[in-house]
Every structure is written in structure tokens, then in C-alpha cells.
Amino acid sequence: MDESNKSDYIMAGMKPFKPFDDKPMRMPYYEVPVDILENREQLAEWAIKALFASRNNPTKPKKRKLGKGK
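Residues numbered from 1 in each chain as written. Predicted model: local features only at pLDDT ≥ 70, side-chain atom pairs only at ≥ 80, totals over all residues. Heavy atoms only, no water.

This part covers the overall build of the protein. Broken down by element type, the protein carries three helices and zero strands. The buried share of the protein, reckoned over its 70 residues, is 13%. Considering only residue pairs separated by 6 or more positions, the protein has 36% of its internal contacts joining residues 24 or more positions apart. (Helix = DSSP H or I, 4+ residues; strand = E, 2+ residues; numbered from the N terminus. Buried < 20%, exposed > 50% of the residue type's maximum accessible area, 1.4 Å probe, protein only. Contact = heavy atoms within 4.5 Å.)

Here's what the structure looks like:
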């Protein structure tokens, strides 16, 4: 998800994922609404938008930590 499809989630009434009720931490992603999950055509549209968003925001590869003797 990025700014190109974030409004879809907000318009559907979704909020950033909050993994813990007792902590204010929020994650930078949203749940997909149930009505979208239950509709193949809409789910495909949302998946395509998510794919394009991920391609527009490539993440840096994580550096591998090598243990001693490797």
C-alpha cells in the first residue's frame, strides 16, 4: 500500500493495523475489508493496486549478518 491506494482503505472505513490493544503502536498497513475479500473481482482489483504500490516502493534488501567463522 502507498498513497496511490491508501484512500481505498480509508474510504472503506479501515484504520491502520494496531496489533496490541494496550499499546499505541500502529502498523503502516491496513486490513482488507471483508466485503472486498468476498468479491473476487474487487479483490483482484485491490491485489493489482497493491502489487503496483509495492513495485513503486521497493524496499532495500536487508544486510545478512554473518556469524563467526563464516
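There is more to say, and it comes next.
Taken as a whole and assessed by the stated rule, the structure comprises three aromatic pairs. Between Tyr-9 and Tyr-30, the aromatic rings sit 5.8 Å apart at their centres with planes inclined by 45°, giving tilted as the arrangement. Here Tyr-30 lies in the loop between α1 (6–11) and α2 (34–37) and Tyr-9 lies in helix α1, a separation of 21 residues in the sequence. With relative accessibility at 14%, the residue Tyr-30 sits in the buried group. An aromatic cluster is built from Tyr-9, Tyr-30 and Trp-46, whose rings are joined through pairwise contacts. The ring of Phe-20 carries Lys-23 above its face, with NZ or CZ at 5.2 Å from the centroid. (Phe/Tyr/Trp six-rings, centres within 6.5 Å; stacked < 30°, edge-to-face > 60°. Lys NZ or Arg CZ within 6 Å of the ring centre and 35° of its normal.)

Before going further, it helps to spend a moment on the environment of Asn-39. Residue placement: Asn-39 occurs in the loop between α2 and α3 (40–56). The exposure class of Asn-39 is partly exposed, given its relative accessible area of 27%. In this structure the side chain of Asn-39 is engaged in a polar contact, spanning 3.0 Å, whose partner is the backbone nitrogen of Gln-42. (Polar contact = N/O pair within 3.5 Å; in protein donor to acceptor, adjacent residues only side chain to side chain.)

The residue Asp-8 is located in helix α1 in this model. Here Asp-8 falls in the buried class, since its relative accessible area comes to 17%. Not counting residues within four places of it along the chain, the set of residues in contact with Asp-8 comprises Trp-46 and Lys-49.

Looking now at the environment of Tyr-9. By relative accessible area, which is 7% here, Tyr-9 ends up buried. For the pair Tyr-9 and Val-32, spaced 23 residues apart in sequence, the C-alpha to C-alpha distance is 7.2 Å.

Note that Asn-5 resides in the segment before α1. If sequence neighbours within four positions are ignored, Asn-5 has contacts with Lys-49, Ala-50 and Ala-53.

Honestly, it's all geometry; don't read function into it.
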